[in-house]
Amino acid sequence: MESHGRGGIGGRGAGPRNPYELTEDSPVYVISVAAQLSGLHPQTLRQYDRLGLVSPDRTAGRGRRYSARDIQLLRQVQQLSQDEGINLAGIKRIIELENQVAALQARVVELQAAVEGAATAMQQREAQVHASYRRDLVRYQDVQQSSALVVWRPKRPE
């Protein structure tokens, strides 16, 4: 299954334009703070990372750094596991499918924009063609067909 972003199921979009701008994808929380914010034990976070459920960024020294989006995902995993009784493999599949749906929805928006652009270009081209018509041409009118039978006979040499 394809994963989006930076290697985990809870992948990242494009980073902030300004490297100092904090977004919900900015990896700022160490594992102890992420565990506290999500209500989970740090060992549970490590297990989720090993299983690929939530893959935080890493520092140069390989320390985990969690973002606000990771914290949301950790809470979602916990809720699905505890409240809904879904096992971790099922949760992983749910998250994969949610990411796939989000990617497909984004692709639909891109394709709709492309179709609208193509339709506009076609309308402009059609207008150019109509504008290029010569105005001295006579419009064709369909001749009424009669039911009379016409017989052709070649002339005989005399």
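Rules behind the numbers
- Residues numbered from 1 in each chain as written.
- Predicted model: local features only at pLDDT ≥ 70, side-chain atom pairs only at ≥ 80, totals over all residues.
- Heavy atoms only, no water.
- pLDDT = per-residue confidence, 0-100.
- Helix = DSSP H or I, 4+ residues; strand = E, 2+ residues; numbered from the N terminus.
- Contact = heavy atoms within 4.5 Å.
- Buried < 20%, exposed > 50% of the residue type's maximum accessible area, 1.4 Å probe, protein only.
- Polar contact = N/O pair within 3.5 Å; in protein donor to acceptor, adjacent residues only side chain to side chain.
- Salt bridge = Lys/Arg side-chain N within 4 Å of Asp/Glu carboxyl O.
- Patch = residues over 30% accessible without salt bridge, like charges linked within 9 Å, V, L, I, M, F, W, Y side chains within 5 Å.
- Areas by Shrake-Rupley, 256 points an atom, 1.4 Å probe, with all protein chains shown as cover.
- Expected span 1.5 Å × (residues − 1).
- Axes fitted to C-alpha atoms, helices over the stretch in contact; angles between N-to-C directions.
- Parallel < 35°, antiparallel > 145°, perpendicular 65-115°, else oblique.
- Left-handed = near helix turned anticlockwise from the far one by under 90°.
- Nonpolar A, V, L, I, M, F, W, Y, C, P; charged D, E, K, R; others polar.

1. Thoughts on the confidence of the model for the protein chain
1) Next: A residue-level look at the protein chain finds 87% of positions with pLDDT of 70 or above and a mean pLDDT of 84.
2) Next: Ranking the helices and strands of the protein chain by mean pLDDT puts helix 4 (residues 88–131) first, with 95, and strand 1 (residues 57–58) last, with 90.
3) Next: Every residue in residues 1–7 scores below 50 in pLDDT, and together they form 17 contacts with partners more than four places removed in sequence or on other chains.

2. Concerning the side chain of Arg64
1) Next: Mapped onto the fold, Arg64 is located in strand 2 (residues 64–65).
2) Next: Since its relative accessible area comes to 19%, Arg64 is described here as buried.
3) Next: Among the polar contacts made by the side chain of Arg64, one reaches the side chain of Asp49 at a distance of 2.7 Å.
4) Next: In contact with Arg64, other than residues within four places in its own chain, are Tyr29, Val30, Ile31, Arg46, Asp49, Pro56, Asp57 and Arg58.

3. Things to note about the pattern of salt bridges
1) Next: Enumeration over the complete set of coordinates arrives at 6 salt bridges.
2) Next: Between Asp25 and Arg69 there is a salt bridge whose closest N-O contact spans 2.4 Å. Taken together, the residues span a long stretch of sequence, with Asp25 in the segment before helix 1 (31–38) and Arg69 in helix 3 (residues 68–82) at a distance of 44 residues.

4. Digging into a nonpolar patch on the surface
1) Next: Judged by side-chain polarity, Val30, Val33 and Leu37 come together as a nonpolar surface patch covering roughly 180 Å² of accessible area.
2) Next: With respect to the element layout, Leu37 can be found in helix 1.
3) Next: We classify Leu37 as partly exposed; its relative accessible area is 36%.

5. Some thoughts on helix 3
1) Next: Compared with the 21 Å implied by 1.5 Å per residue over 15 residues, the 21 Å span of helix 3 between its first and last C-alpha is a close match.
2) Next: Buried residues along helix 3 sit against helix 1, helix 2 (42–51), strand 2 and helix 4.

6. Some points on the packing of helix 1 against helix 3
1) Next: Across the interface, helix 1 lies against helix 3 with an axial gap of 9 Å and an inter-helix angle of 50°. Taken together, the axes of helix 1 and helix 3 lie oblique to each other. For the pair helix 1 and helix 3, the sense of crossing is right-handed. Of the residues in helix 3, those in contact with Ala34, Leu37 and Ser38 of helix 1 are Ile71, Leu74 and Arg75.
2) Next: Residue composition of the contact of helix 1 with helix 3, by class: 4 nonpolar, 1 polar and 1 charged.

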